[in-house]
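# Descriptive structure summary
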Amino acid sequence: MSNETQRVAIVTGAARGIGAGVARRLAADGMAVAVLDLDESACKPVVADIEAAGGRAVAIGADVSDEQSVTAAVERVAAELGAPTVLVNNAGIIRDNMLYKMTVDDWDAVMGVHLRGAFLCTKAVQKYMVEQNFGRIVNLSSTSALGNRGQANYAAAKAGIQGFTKTLAFELGKFGVTANAIAPGFIETEMTHATAERLGMSFEDFRQALIATIPVARSGKPEDIAHTVSFLVSEGAGFVSGQVIYVAGGPKN
Ligand code: NAP
């Protein structure tokens, strides 16, 4: 595939976890991938993996909650890889606590990365999608959008992501752009290791306790989410828009 016809994807929070899995998968699917995370050097191993497999990728350091940082990052992607027409808003943080102990800073930080971040990245990328009359947006929600003890901030942000996604589907559909959300259940990453730590459990005990509640009787891996992203951003998925797909080993909605 020539560089002119190759689709260009931006995956945020792609230095590790789900984002890294998604970046590797989209590169394997034939896309050029901007591996974006807070620390550019942390993105380099993912870029190296993609290049070693014969793909094209670039490491981009940016804070998705900062408008200038996002604008500069998206311009860099367009200059170095080409017009981005695939966006995966994956960057995320948790600042869990019971409501009565949750600080305003912890509320704002979570809203800043998940909601403001998805808004800023989508706003910056949508003009390239509209120009190309093609776009695929995938936003990471969570089963926590249905409510989860200790996650008032995160649950609100992840529910907000679903409303944001459906609105994008309405506004951008006529430009060939689809927008969908994936709501993962328990996926083994550093984020869920941090949750186990907060609950004072070993990761293995936490994992086993959750697996006991999951219909397919296993935990999720970044590759499970990457597979779903791969479908949603594919050329053939143009009639699927405004949906929330729970990837949780069972029905959660
Ligand atoms: P993770 O391992 O913690 O990775 C998240 C990545 O996002 C990190 O590399 C982090 O960078 C980056 N990031 C944080 N703030 C950022 C910012 N302001 N700008 C750019 N990058 C930023 O998390 P994960 O488990 O892979 O989760 C990925 C997404 O899936 C998140 O949106 C999460 O809420 C969602 N999700 C995860 C699960 C799960 O079970 N793991 C379930 C449901 C939904 P630093 O390391 O530098 O902080």
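The structure contained in this document is the topic of the report that follows. (Residues numbered from 1 in each chain as written. Predicted model: local features only at pLDDT ≥ 70, side-chain atom pairs only at ≥ 80, totals over all residues. Heavy atoms only, no water.)

When helices and strands are counted, the protein chain shows eight helices and seven strands. C-alpha extents for the protein chain along the principal axes are approximately 50 × 35 × 35 Å. Split into buried and exposed, the 253 residues of the protein chain put 51% on the buried side. Considering only contacts within the protein chain whose residues lie at least 6 apart along the sequence, 70% involve residues at least 24 apart. Accessible surface, the protein chain: about 11,600 Å² in total, of which carbon and sulfur atoms supply 54%. Averaging the coordinates of the 22 positive side-chain charges in the protein chain and doing the same for the 26 negative ones gives two points 6 Å apart. (Helix = DSSP H or I, 4+ residues; strand = E, 2+ residues; numbered from the N terminus. Buried < 20%, exposed > 50% of the residue type's maximum accessible area, 1.4 Å probe, protein only. Contact = heavy atoms within 4.5 Å. Areas by Shrake-Rupley, 256 points an atom, 1.4 Å probe, with all protein chains shown as cover. Lys, Arg positive; Asp, Glu negative; His and termini not counted. Charge placed at Lys NZ, Arg CZ, Asp CG, Glu CD.)

This part covers the packing of helix α3 (residues 67–80) against helix α4 (residues 104–132). Two elements in contact, α3 and α4, have axes separated by 9 Å at closest approach and are oriented at 30 degrees. Helix-helix and strand crossings are classified by hand; for α3 and α4 the assignment is right-handed. Contacts between α3 and α4 involve Glu 67, Val 70, Val 74, Glu 75 and Ala 78 from the first element and Leu 120, Cys 121, Ala 124, Val 125 and Tyr 128 from the second. Classifying every residue of the contact of α3 with α4 gives eight nonpolar, no polar and two charged. (Axes fitted to C-alpha atoms, helices over the stretch in contact; angles between N-to-C directions. Left-handed = near helix turned anticlockwise from the far one by under 90°. Nonpolar A, V, L, I, M, F, W, Y, C, P; charged D, E, K, R; others polar.)

Along its 21 residues, helix α5 (residues 152–172) runs 30 Å from first to last C-alpha, staying within 8% of the 30 Å computed at 1.5 Å per residue. The inward-facing, buried residues of α5 contact α4, β5 (135–140), β6 (177–184), α6 (190–198) and β7 (244–247). (Expected span 1.5 Å × (residues − 1).)

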